[in-house]
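# Structural description and commentary
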Amino acid sequence: MGDFERVMISVADEKEMMLPTDKTVSLEALICDASGHGNLRHQYLVKEVPVTIFVNDRELVTLLCTGHHLDELAVGFLRAEGFLESRKDLESLRIDEDTGAVRIASSLDASLVEHLWQKRTITSGCGKGTVFYHAIDALLATPVSSDVHITPAQVWERMQDLHRLSQTYRDTHGVHNTALATPEQILLFRDDIGRHNAVDMIIGHAFLHDLRLDDKALITTGRLTSEILIKAAKVGLPVIISRNTATSLAVELAAALNVTLIGYVRNGKSTVYSGLDRVACSVSGEG
Amino acid sequence: MSLYLDNAATSHPKPQAVYERVRHVLEEVGASPGRGAYRLAREASAVLADARKKLATLFGIADPQQIVFTANATESINVVLKGWLRPGDRVLISSLEHNAVVRPLARLAQIGVQVETVPNSPSGHLDLDEFRRLLTPPPRLVVLVHACNVNGALQPAEEVAGLCRHAGVPLLLDAAQTAGVQRFLVDEWALGMLACSGHKGLLGPSGVGMLYIRPDLDVAPLREGGTGSRSEEEQQPLFRPDRYECGTPNLPGIAGLAAGVEFILKEGIDAIRHHELELATMLEQGLEELPRVRLYRPEIRGTGAVSFNVAHLNPGDLGHLLDAGFDIAVRTGLHCAPLAHKALGSFPAGSVRVAPGYFNTRDHIEQFLNAMRSLLRHAGR
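From a predicted model like this one, the values you see are computed outputs, not experimental measurements.

### A look at the nonpolar core
If you look at the biggest cluster of nonpolar residues, it comprises 188 residues, and the most contacted ones within it are A:Leu229, A:Ala232, A:Ile240, B:Leu194, B:Ala195 and B:Ile254. Top element by residues in this core is helix H8 (residues 251-267) of chain B. It accounts for nine residues. Ignoring any residue separated from it by four or fewer positions in sequence, one finds B:Ile254 in contact with B:Val47, B:Leu48, B:Ala51, B:Phe69, B:Val208 and B:Pro249.

In structure tokens form, the structure reads like this:
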């Protein structure tokens, strides 16, 4: 308990706040130790703002995010959820930062997607069950086909690259970092309080710039859960790499969707949970 | 309003007369048949006699007393398998049999009944050459599903019946899917046993089935109990149908079944079959035009059941999408027929089965196909 620190947010005068980046605020907080002694110190906090996405004037969802790259965030979210399919669907995009709204006009008839959105799958016990829990995901996510290969050394190097790019994390310890990469280099970096948001920004950027994804890897600091896996598979990302570990359902889905899932990338090591054929690594045995 | 396309599980809706007859028996007759001499009890007995007579007419059975009412086709099959087969007996079955056959036989196999399976092609065609070969030495019983409940594949029942007759082997025909749709003549084909449900093609309510056993076959009953006849004797009567019917029967169900059979006799079984097969053909043609669809098309179609899958989509998910997105009822998975799915190549996930009935229309099929088109427009990347 000796090194236990508790951060108490004090009432801070906005004028006194430090604003080192557009993603953080600073405030004075009391740093206490277990003996009851404390010091007032400036702390960087990552911003959290609500952003509401409207599609064709219909309110769809409110995301809590860091508040940057809202165009990518909204478009990526809509693409991954099936509300946008191609660039031609996107007629206009308007960001109202004052009200925290992103308004998108789309030509795609997404009424079916909207009707089925987030509805839990119900199946009978007669036959092998589904790995999906949302019906619409089963429709939108198909096995990923790709020729991309990556070596364990490249996995480790790209993870180190990701950490080097994470200024906001170093300042706040409050964001997840995500990157889009080829085996040789990181192409795009995004961070956010939500690991899903950061992935959505990557997807949104690729969507807006017609960037193919089937030869690239997604690198993240977030846990490898089913939601991230499904999101990536729906846009055809063949490789997902994380500093963190994977969940059982994510691994099951990765196998079903032919996604290479690599987790716990630390100290030069990594754990390949599925899609071993895309990882150039000699296997010496089990146990 | 729901679009019901699961008639291979149970037919819905029923002819109006079925609802009326069930209600009439419940409200106006009420009594237990064969148990009393008063007017209402006599009327109740007449309900049973009338139903037996109509079924005998439909199936070409000269003696209606050989028809036994059961709870469903599964019970009928259980009566035969457990009352006819003994340890050491050999039984032949097709590769398309339902769990109503497979599971009782799995239990009987534990006491020494030997089960051999005749192969079917991936389109559901029975290998008759292999069947002929397996008839020597003669097995104790042959069990054949008349049409596969997964994809409607019709089996050569008349030919198999002829081969069985020649070999002196009784044939148990499982007509759960074909009764009320396909013509078959029990006496003329010299069928050993016929099992079917009353709530599918026969258009009756659920909870009633029927069993026919050829008079010369001594099948032990599955249950014993009160029959209202020879009550002074402790032993179950040996005459039919009392040998196999004990306890109070499902009178409203049987009355409804009789009304369903009346409807079939009036409409004409050929007209019913023609309509259902026409809808199945329309389904197959429409599905074939869609991307990623794999049809399990039968070599010879006997019922309206159409089975398919969409690549990379679990059939259960697709069924749920049709339900949640369009209020369309189809049956997905293994359809209680894992053996058939293995033969057709759709095991272990199963398939989506669309089974139109006599009351479905071409508009219904178009509605279903439009839903599929709409879903598949969104599918994949």
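Having put the structure on the table, let's press on.
### Some remarks on the domain arrangement of chain B
Residue and element names in this part refer to chain B. Segmenting chain B into domains produces domain 1 (3-12 + 268-378) and domain 2 (16-267). Once you take the C-alpha centre of each, domain 1 and domain 2 turn out to be 27 Å apart. Across the boundary between the two partners, domain 1 contributes 33 residues, which contact 34 residues of domain 2. Mapped by element, the contributors of at least two residues to the side of domain 1 that touches domain 2 are helix H9 (269-288), strand E10 (306-310), helix H11 (338-344) and strand E13 (351-354). For the side of domain 1 that touches domain 2, the element with the most residues is H9, which contributes six residues. In the side of domain 1 that touches domain 2, the residues fall into 16 nonpolar, eleven polar and six charged.

### Considerations on the packing of helix H7 (residues 226-234) of chain A against helix H8 (residues 248-256) of chain A
Residue and element names in this part refer to chain A. Between H7 and H8, whose axes approach to 8 Å, the crossing angle comes to 20°. Considering the angle they form, H7 stands roughly parallel to H8. Judged by residue contacts, Ser-226, Leu-229 and Ile-230 of H7 engage Leu-249, Ala-250, Leu-253 and Ala-254 from H8. Of the residues in the contact of H7 with H8, the class split is six nonpolar, one polar and no charged.

### What to know about the sheet that holds strand E3 (residues 90-94) of chain B
Residue and element names in this part refer to chain B. Here we have seven strands laid out as an open sheet, ordered E2-E8-E7-E6-E5-E3-E4, and mixed in their pairing. Every other strand in the sheet has two partners, leaving strand E2 (67-70) and strand E4 (114-118) as the edge strands with one partner each. Averaged over neighbouring strand pairs, the angle between their axes works out to 20° when direction is ignored. In this structure, strand E6 (residues 171-174) lies alongside strand E7 (residues 193-197), joined through three bridges in parallel fashion. Paired with Leu-172 across the strands is Met-193, a residue of E7. The sheet strands contacting helix H4 (residues 99-109) are E3, E4, strand E5 (141-145) and E6, and the helix crosses E3 at an angle near 155°.

### Re the sheet that holds strand E12 (residues 331-333) of chain B
Residues and elements named next belong to chain B. Here we have four strands laid out as an open sheet, ordered E9-E10-E13-E12, and antiparallel in their pairing. Two strands in the sheet have a free side with no partner beyond their single neighbour: strand E9 (293-295) and E12. Strand-to-strand, the axes of this sheet are offset by a mean angle of 30°, without reference to chain direction. Bridge count for E9 against E10 is three bridges, and the pairing is antiparallel. By the bridge assignment, Val-293 is partnered in E10 with Val-310. The strands touched by H9 within the sheet are E9, E10 and E13, with E9 carrying the most contacts at an inclination of about 145°.

### Some points on the interface of chain A and chain B
Across the contact, 24 residues belong to chain A and 25 residues belong to chain B. Where the side of chain A that touches chain B is concerned, the elements lending two or more residues are helix H2 (111-116) and helix H3 (135-140) of chain A. Of the residues contributing to the side of chain A that touches chain B, the split by class is twelve nonpolar, ten polar and two charged.

### Description of the confidence of the model for chain A
Residues and elements named next belong to chain A. When pLDDT is averaged across chain A, the result is 88; 92% of the residues are at 70 or more. Looking at the elements of chain A, mean pLDDT is at its lowest for strand E1 (residues 6-9), recorded as 33, and at its highest for strand E11 (residues 239-242), recorded as 98. In this model, residues 1-20 is a region of pLDDT below 50 whose contacts with residues beyond four sequence positions or in other chains number 30 contacts.

### Looking at the environment of B:Gly333
Mapped onto the elements of the fold, B:Gly333 is located in strand E12. With 26 C-beta atoms counted inside 10 Å, the residue B:Gly333 sits in the buried group. Each C-alpha atom of the pair B:Gly333 and B:Val150 lies 9.7 Å from the other, and the pair is 183 residues apart in sequence. Those residues in contact with B:Gly333 that sit more than four places away from it in its chain are A:Ser124, A:Cys126, A:Gly127, B:Pro315, B:Gly316 and B:Gly350.

### What about the domain arrangement of chain A?
Residues and elements named next belong to chain A. Structurally, chain A comprises domain 1 (6-46), domain 2 (49-130) and domain 3 (152-278). Counting residues at the interface gives 15 residues for domain 2 and 18 residues for domain 3. Of all elements in the fold, only strand E5 (58-65) and helix H1 (70-81) reach the threshold of two or more residues within the side of domain 2 that touches domain 3. No other element matches H1, which puts nine residues into the side of domain 2 that touches domain 3. In terms of residue class, the side of domain 2 that touches domain 3 is made up of eight nonpolar, three polar and four charged.

### A closer look at the pairing of E3(B)
Residues and elements named next belong to chain B. Counting buried positions along E3 yields four of five residues, so the element is predominantly enclosed. Here E3 pairs with E4 via five bridges, running parallel. Residue pairing in the sheet places Ser-94 in a bridge with Val-118 of E4. For the crossover that starts at E3, traverses H4 and ends in the parallel E4, the hand is right-handed.

### Some words on helix H1 (residues 16-29) of chain B
With 14 residues, H1(B) ought to run about 20 Å at 1.5 Å a step, and its terminal C-alpha atoms sit 19 Å apart, in line with that. With its phi angle positive at about 75°, B:Gly30 sits one or two positions after the end of H1(B).

### Overview of helix H4 (residues 152-164) of chain A
Residues and elements named next belong to chain A. Spanning 13 residues, H4 covers 19 Å between terminal C-alpha atoms, matching the ideal 18 Å at 1.5 Å per step. For H4, the full list of buried residues reads Val-155, Arg-158, Met-159 and Leu-162. Projection of H4 onto a plane perpendicular to its axis shows the buried side chains occupying an angular sector of 105°, all on one side. Turned more than 90 degrees off the buried face of H4, the exposed positions are Gln-160 and Arg-164.

Rules and cut-offs
- Residues numbered from 1 in each chain as written.
- Chains lettered and ligands numbered in written order.
- Predicted model: local features only at pLDDT ≥ 70, side-chain atom pairs only at ≥ 80, totals over all residues.
- Core = buried A, V, L, I, M, F, W, Y, C linked by C-beta atoms within 7 Å.
- Buried ≥ 20, exposed ≤ 12 C-beta atoms within 10 Å, placed from the backbone.
- Helix = DSSP H or I, 4+ residues; strand = E, 2+ residues; numbered from the N terminus.
- Contact = placed C-beta atoms within 7 Å.
- Domains from an automatic or database assignment.
- Nonpolar A, V, L, I, M, F, W, Y, C, P; charged D, E, K, R; others polar.
- Axes fitted to C-alpha atoms, helices over the stretch in contact; angles between N-to-C directions.
- Parallel < 35°, antiparallel > 145°, perpendicular 65-115°, else oblique.
- Pairing = 2+ DSSP bridges.
- pLDDT = per-residue confidence, 0-100.
- Right-handed = clockwise from strand over helix to strand, strands pointing away.
- Expected span 1.5 Å × (residues − 1).
- Arc of directions from axis to C-beta.

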